[in-house]
Amino acid sequence: MGRPPKRLLADVRLYVETVFPLNPPSFEDKNCRYLPDNAAFFREKCNILDSLERDTIGKCGIICRVPWLIMPDDYALIALNSPEARDYYSRLEAASKSGKLRYLYNLQELTKYRDQTAVLNAFARAAELHCYPMILNSTSFDVMITNAGTYNTTVIFATRSMGFKDVEEGILIKQKSLFLEYQNHFDDLYKKSESYWKSKINEGPDVLSEQVKGYLIP
């Protein structure tokens, strides 16, 4: 795994500027490693979760377009068709249940659920799996922010190339300044999302359903 392509580095820098428009954190090319395909991408993420499991104070945050943790019946839709991908999912769920990993996903993904019951079931698992929806300003990249073992202060940006539906590539960046900005950003988003949706869950299924519809219907 060598240096990332210049076009991918440029895309990540543009994405970071979108997320942090006022004072975007920078990163140096020398601190970046390229994850060129699904096998490398999922293998690296499995290694991260393995490191997280062994680290008593380690933690990880994920901002993802797709709610992997609450889509057990839809493996085929998110290309869980390789040993690396299936291994990643099983480790992801275990890390989430342990409380070491927190997960935010794109609220619009709930439109893919077939009925109200499916949506309510997704929220029923939210507290157990530390997995909540939010409105994403941009869905260009999935982001994994990790502080554990050999992956101390690591951020991974992952994307799917145009025209390749199930092929992911990514950049792993080890730079403390970028990590700290993203960690604070994630913590803020997660606290707001968790607090908001827990309040709606406590108000009952009818209120929760109406609230979700209000976001998803134009």
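Look up a bit, the structure's there.
Figured I'd write up the structure that's included with this text. (Residues numbered from 1 in each chain as written. Predicted model: local features only at pLDDT ≥ 70, side-chain atom pairs only at ≥ 80, totals over all residues. Heavy atoms only, no water.)

1. Some details on the overall build of the protein
Secondary structure summary: the protein contains seven helices and seven strands in total. Along the chain direction, N to C, the helices and strands of the protein fall in the order α-β-α-β-α-β-α-α-β-β-β-β-α-α. Split into buried and exposed, the 218 residues of the protein put 49% on the buried side. Taking as baseline every contact in the protein between residues at least 6 positions apart, the subset at least 24 positions apart corresponds to 73%. Put simply, the protein shows about 11,000 Å² of open surface, and 51% of that area lies on carbon and sulfur atoms. (Helix = DSSP H or I, 4+ residues; strand = E, 2+ residues; numbered from the N terminus. Buried < 20%, exposed > 50% of the residue type's maximum accessible area, 1.4 Å probe, protein only. Contact = heavy atoms within 4.5 Å. Areas by Shrake-Rupley, 256 points an atom, 1.4 Å probe, with all protein chains shown as cover.)

2. Considerations on unusual backbone geometry
A positive phi angle, near 50°, is found at H130, a position not held by glycine. One can find H130 in the loop between α5 (126-129) and β4 (131-134).

3. Some words on the packing of aromatic side chains
In total, this model carries 13 aromatic pairs according to the counting rule given. Ring plane angle 75° and centroid distance 5.0 Å describe the contact between F41 and F42, whose orientation is recorded as edge-to-face. Note on accessibility: F41 and F42 belong to one class, buried. Taken together, the ring pairs connect Y15, F20, F141, F157 and Y182 into an aromatic cluster. R13 extends its terminal NZ or CZ atom over the ring of F27, reaching a point 4.3 Å from the ring centre. Across from the ring centre of Y190, 4.9 Å away, lies the NZ or CZ of R102, which sits over that ring. (Phe/Tyr/Trp six-rings, centres within 6.5 Å; stacked < 30°, edge-to-face > 60°. Lys NZ or Arg CZ within 6 Å of the ring centre and 35° of its normal.)

4. Details of the pattern of salt bridges
Under the counting rule described, the total for this entry stands at 15 salt bridges. R102 serves as the salt-bridge partner of D187, at 2.6 Å between the closest nitrogen and oxygen. Placement of the pair is D187 in helix α6 (residues 176-202) and R102 in strand β3 (residues 101-106), with a sequence separation of 85 residues. In this structure, E194 and K198 form a salt bridge, with 3.3 Å as the shortest nitrogen-oxygen distance. Of this pair, E194 and K198 both sit in helix α6, separated by four residues, roughly a single helical turn. (Salt bridge = Lys/Arg side-chain N within 4 Å of Asp/Glu carboxyl O.)

5. Examining the packing of helix α4 (residues 116-124) against helix α7 (residues 205-216)
Contact geometry of α4 with α7 gives a least axis separation of 10 Å together with a crossing angle of 100°. Taken together, the axes of α4 and α7 are roughly perpendicular relative to one another. The segment α4 lies against α7, with Q116, V119, L120 and F123 engaging P205, L208, S209, V212 and K213. Grouping the amino acids of the contact of α4 with α7 by side-chain chemistry returns six nonpolar, two polar and one charged. (Axes fitted to C-alpha atoms, helices over the stretch in contact; angles between N-to-C directions. Parallel < 35°, antiparallel > 145°, perpendicular 65-115°, else oblique. Nonpolar A, V, L, I, M, F, W, Y, C, P; charged D, E, K, R; others polar.)

6. Here's the deal with the pairing of strand β5 (residues 142-147)
Taking burial as the measure, the six residues of β5 include five buried ones, the bulk of the element. With five bridges joining them, strand β2 (residues 59-64) and β5 adopt antiparallel strand pairing. What sits directly across from C60, in β5, is T146. The turn joining β5 and strand β6 (residues 154-160), which pair antiparallel and follow one another in sequence, is formed by six residues; a positive phi near 50° is taken by G149. (Pairing = 2+ DSSP bridges.)

7. Some words on the environment of S193
If you trace the backbone, S193 turns up in helix α6. Spatially, the C-alpha atoms of S193 and C131 are 9.5 Å apart, while their sequence positions differ by 62 residues. Not counting the four nearest positions on each side in its chain, S193 is found in contact with L104, Y132, P133 and M134.

8. Structural notes on the nonpolar core
Counting residues in hydrophobic clusters, the biggest one holds 69 residues, and the most contacted among them are Y103 and F157. If sequence neighbours within four positions are ignored, F157 has contacts with V12, Y15, V16, F141, D142, V143, E169, G170, I171, I173, L178 and Y182. (Core = buried A, V, L, I, M, F, W, Y, C linked by side-chain atoms within 4.5 Å.)

9. Some remarks on the environment of L120
Considering the arrangement of structural elements, one finds L120 in helix α4. Once the C-alpha coordinates of L120 and L208 are considered, the two residues, 88 residues apart in sequence, prove to be 7.9 Å apart. Ignoring any residue separated from it by four or fewer positions in sequence, one finds L120 in contact with P205, L208 and S209.

Scope: geometric values only; no functional claims are made or implied.
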